[in-house]
Amino acid sequence: MSPAPVARPEMVRWYDPRQLLRTGVQTVLTAIFAQRADARLLMALGADQSPLSLAHRDALWVDFVADTGDGWRPTTAVLRHLADTHLTDGDARLPRGDLLVLGGDQVYPTASPEEYERRLLDPLRAVSADTPSNAPQIVAIPGNHDWYDGLAAFTGVFLQSQKLGMWQTSQSRSYQCVKLPHGHWLVAVDLQLQQDLDAPQRQWFERALGGLQRGDRVILCMSEPLWVFRQQYGLKYRRQLRRLLAFIADKGATVPLWLAGDLHHYRRLRCTRGIDAGSQLVTAGGGGAFLHPTHTPSPQRLIDDYGRANTHYAIEREYPDRETSQRLAWGNLAFPLRNPSFGVAGGIIYTLLSSLLPRPDYTVWEHGVQRTLWKGLEQAATTPSAIALTAALLTAVVVFTDSHNRAYRAVAGMLHGVAHLGAALLATGTGYWLLRGLERDLIVLHRLGLMGVTFALGYLASGLIMGVYLWVSVRFFRRHGNEAFSSLRVEGYKNFLRMKVDAQGITVWAFGIDDVAAPAGAKGRVIDRFEIPRTKSL
């Protein structure tokens, strides 16, 4: 009997109402229970984990990829390049990594055994036809999407000492330390959902790094680019991470290279002043998930937080470039076409509003749309049931607004909410006007017809308003990058890293894949290359 065909999942439809509901519930539950049932603490009570040592090699090749496991096509395109032994940079051949580091968010939309199988393990097997006799090692750390089931599925995949395609797992905790050649180390931490290590994890790393010598180099891998969030939102590194960094510094070692995913693009910053001075900080979350914009946040915010931060960066490379990112953002104006099921939720909400809004005054229609809307708002403001639903709608939209600035959130959220409320009033008034001849004699038919008209108009209007709101936000105010680009589900512009660690230091190649659906096959190209020489003083 031939094996069952492998399912090839498409990109996650984030604006499908069912997906929105599931994601919302998972996020709330995880936020509640992650603080009270931290799986990392349970791991620390189990058998101890030994650090992985690959220091005996003269030169070691390391691959890094993050945010995999979304659509089949982009995920397999990236994994196929990672499995390739013939990647080149000009005349230089770049061997396949002896170690593959997965930097978080291995599956979308939420972790489960089924999603891991469909969106990560099947693609890993699909690219592993040429299985080497000496299997490369794999180290994985979880991101927030891996944490949505309390790390249960992650544990079943990565903490069981098994083959995943051609790669071999060996870790027994959600974090690991790898000793690399010539005084280099790789520290892969688990930040959970609190953007910090737990105390037992920090203590384990201090033991694992006991052999750290003055002048050694540490590559620090984490699931989120905390340096970006620090500049964007004024956040500080949290206590346990600060203590681990202080431990490394006290040993006379440095952290010249920081790696993270979470943001689904490529960006390399060089710290010119501050706690990370001299370091290269790389965000490379292009393993398969939808693309994130690179034109948010603003360059000024990244460089020095408008002069308020003590840490300054230089932007060395971004992929795709900001012009391409802004061009792609125009796709939000076609939001209803790209996210057709979103209108179902909009139509239902508009219909509920219609059922609670008072009967419109037809006499104002002859005075135009503006007068009609104003009269409708006056009527709604005197109806308790309409007031309650309107308040709930406006509150939800304000909470949805992407900003830590309360004034911006209030103004932008209210404008967005009022736009939906006005559209609901117009849809209701249009339905009453079209069906006004049925209102007296065929009440049931009139009510059903009114619901149908309101739903249809709400289906169209809600998606249009959302698309315009997201486009304006991401284009002019550099807000809602996640929401605006998750609606686009861009498969292209994926990225990963291939690194060489030897006696000369660390050399990093960043590869980009512009089009994963190219007729001739997805072709990766070098989008960035930089070196951290062993003799360089940081």
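Attention in this report is confined to the structure presented alongside it. (Residues numbered from 1 in each chain as written. Predicted model: local features only at pLDDT ≥ 70, side-chain atom pairs only at ≥ 80, totals over all residues. Heavy atoms only, no water.)

Overview of a nonpolar patch on the surface
Operational definition: Think of a patch as exposed residues, more than 30% relative accessible area, with no salt bridge, where like charges cluster within 9 Å and nonpolar side chains (Val, Leu, Ile, Met, Phe, Trp, Tyr) cluster within 5 Å. Reported accessibility uses the Shrake-Rupley method at a 1.4 Å probe radius. Residues are deemed covered only where the shown protein chains occlude them. Put simply, a salt bridge is a Lys or Arg side-chain nitrogen that is within 4 Å of an Asp or Glu carboxyl oxygen. Strands here are runs of E lasting at least two residues and helices are runs of H or I lasting at least four, both read from the DSSP assignment and numbered beginning at the N terminus.
A surface patch of nonpolar side chains, about 310 Å² in accessible area, is lined by V344, I348, L352 and F455. Looking at the nonpolar patch element by element, the count peaks at three residues for helix α12 (residues 342-356). Mapped onto the elements of the fold, V344 is located in helix α12.

With respect to a positive patch on the surface
Heads up, the condition is: When charges are tallied, Lys and Arg are placed among the positive residues and Asp and Glu among the negative ones, while His and the ends of the chain are skipped. A charged residue contributes its charge at one atom only: NZ of Lys, CZ of Arg, CG of Asp or CD of Glu. Exposure is judged per residue with a 1.4 Å probe applied to protein chains only, and the accessible area is read against the type maximum: over 50% gives exposed, under 20% gives buried, and values in between give partly exposed.
The grouping of K236, R239, R242 and R243 at the surface amounts to a positive patch. Turning to its location among the elements, R243 is positioned in helix α8 (residues 239-250). By relative accessible area, R243 is classed as partly exposed at 36%.

Section: the packing of aromatic side chains
Each aromatic ring pair is described using two quantities: the centre-to-centre distance and the angle formed by the ring planes. Spelled out, the test is: Pairing of aromatic rings covers Phe, Tyr and Trp, the last counted by its six-membered ring, and requires centre-to-centre distances within 6.5 Å; plane angles under 30 degrees mean stacked, over 60 mean edge-to-face, and any other angle means tilted.
One pass over the structure, following the stated rule, counts 19 aromatic pairs. Judged by centre distance (4.7 Å) and plane angle (45 degrees), the ring pair of W330 and W471 falls under tilted. A residue pair is termed long-range when its members are at least 10 positions apart, and W330 in the loop between α10 (322-329) and α11 (335-338) and W471 in helix α16 (residues 443-476) qualify at 141 residues. Between the aromatic rings of F335 and F342, the centroid separation amounts to 5.2 Å while the plane-to-plane angle is 85 degrees, which identifies the pairing as edge-to-face. Here F342 falls in the buried class, since its relative accessible area comes to 11%. A network of ring pairs unites the aromatic residues W14, Y108 and F290 as a single cluster.

Structural notes on the pattern of salt bridges
Under the definition given, this model contains 22 salt bridges. Residues E115 and R119 are paired through a salt bridge, measuring 2.8 Å at the closest nitrogen-oxygen approach. Of this pair, E115 and R119 both sit in helix α4 (residues 113-126), four residues apart, which is roughly one turn of the helix. On the basis of relative accessibility, which here comes to 16%, the residue E115 falls in the buried class. Here the salt bridges do not stand alone but share partners, grouping D70, E115, R118 and R119 into one network.

Overview of the side chain of T311
The condition that has to hold: Here, residues are in contact when the closest pair of their heavy atoms is within 4.5 Å.
Tracing the sequence through the fold places T311 in the loop between α9 (299-304) and β15 (312-319). Overall, the relative accessible area of 8% leaves T311 in the buried class. Once residues within four sequence positions are removed from consideration, T311 is found in contact with R230, Q231, C271, R273, G274, I275, I303 and D304.

Notes on α16
For clarity, the threshold we go by: To estimate the expected span of a helix, subtract one from its residue number and multiply by 1.5 Å. Axes are fitted to the seven residues ending at a residue and to the seven starting at it; the angle between these axes is taken as the bend at that residue.
The end-to-end C-alpha distance of α16 is 47 Å, a good match for the 50 Å that 34 residues give at a rise of 1.5 Å each. The largest bend in α16 is about 25 degrees, located at G458. R478 sits one or two residues past α16 and shows a positive phi near 55 degrees.

A look at the packing of helix α6 (residues 199-208) against α8
The criterion, for reference: Only C-alpha atoms enter the line fits that serve as axes; for helices the fit covers just the stretch in contact. Angles between N-to-C directions range over 0 to 180 degrees. Roughly parallel means an angle under 35 degrees; roughly antiparallel means over 145; roughly perpendicular covers 65 to 115; every other angle is labelled oblique. Asp, Glu, Lys and Arg are counted as charged, while Ala, Val, Leu, Ile, Met, Phe, Trp, Tyr, Cys and Pro are counted as nonpolar; the rest, among them Gly, fall into the polar class.
Two elements in contact, α6 and α8, have axes separated by 10 Å at closest approach and are oriented at 10 degrees. The angle between α6 and α8 places the two elements in the roughly parallel class. Contact with α6, carried on its side by A199, R202, F205 and E206, involves Q240, R243, L244 and F247 of α8 and no other residues of that element. Of the residues assigned to the contact of α6 with α8, the class counts are four nonpolar, one polar and three charged.

Remarks on the packing of α12 against helix α15 (residues 406-434)
Operational definition: In this scheme the crossing of two helices becomes right-handed for a clockwise turn of the near helix relative to the far one and left-handed for an anticlockwise turn of less than a right angle.
Running from N to C, α12 and α15 point in directions that differ by 65 degrees, and their axes come no closer than 9 Å. With respect to each other, α12 and α15 are oriented roughly perpendicular. In terms of crossing hand, the pair formed by α12 and α15 is right-handed. Residues Y350, L353 and S354 of α12 form the contact with α15, whose participating residues are H420, A423, A424 and T428. Partitioned by chemical class, the residues of the contact of α12 with α15 number four nonpolar, three polar and no charged.

What to know about the sheet that holds strand β8 (residues 167-169)
Note the following rule: At least two bridges found by DSSP between two strands are what make those strands a pair.
Taking strand neighbours across the sheet as the criterion, the eight strands line up as β7-β8-β6-β5-β2-β16-β17-β18 in an open arrangement whose pairing is mixed. For this open sheet the edge positions go to β7 (163-164) and β18 (524-533), each flanked by a neighbour on one side alone. As paired strands, strand β2 (residues 60-65) and strand β5 (residues 99-102) are joined by four bridges and run parallel to one another. Bridged to V65 within β5 is L102.

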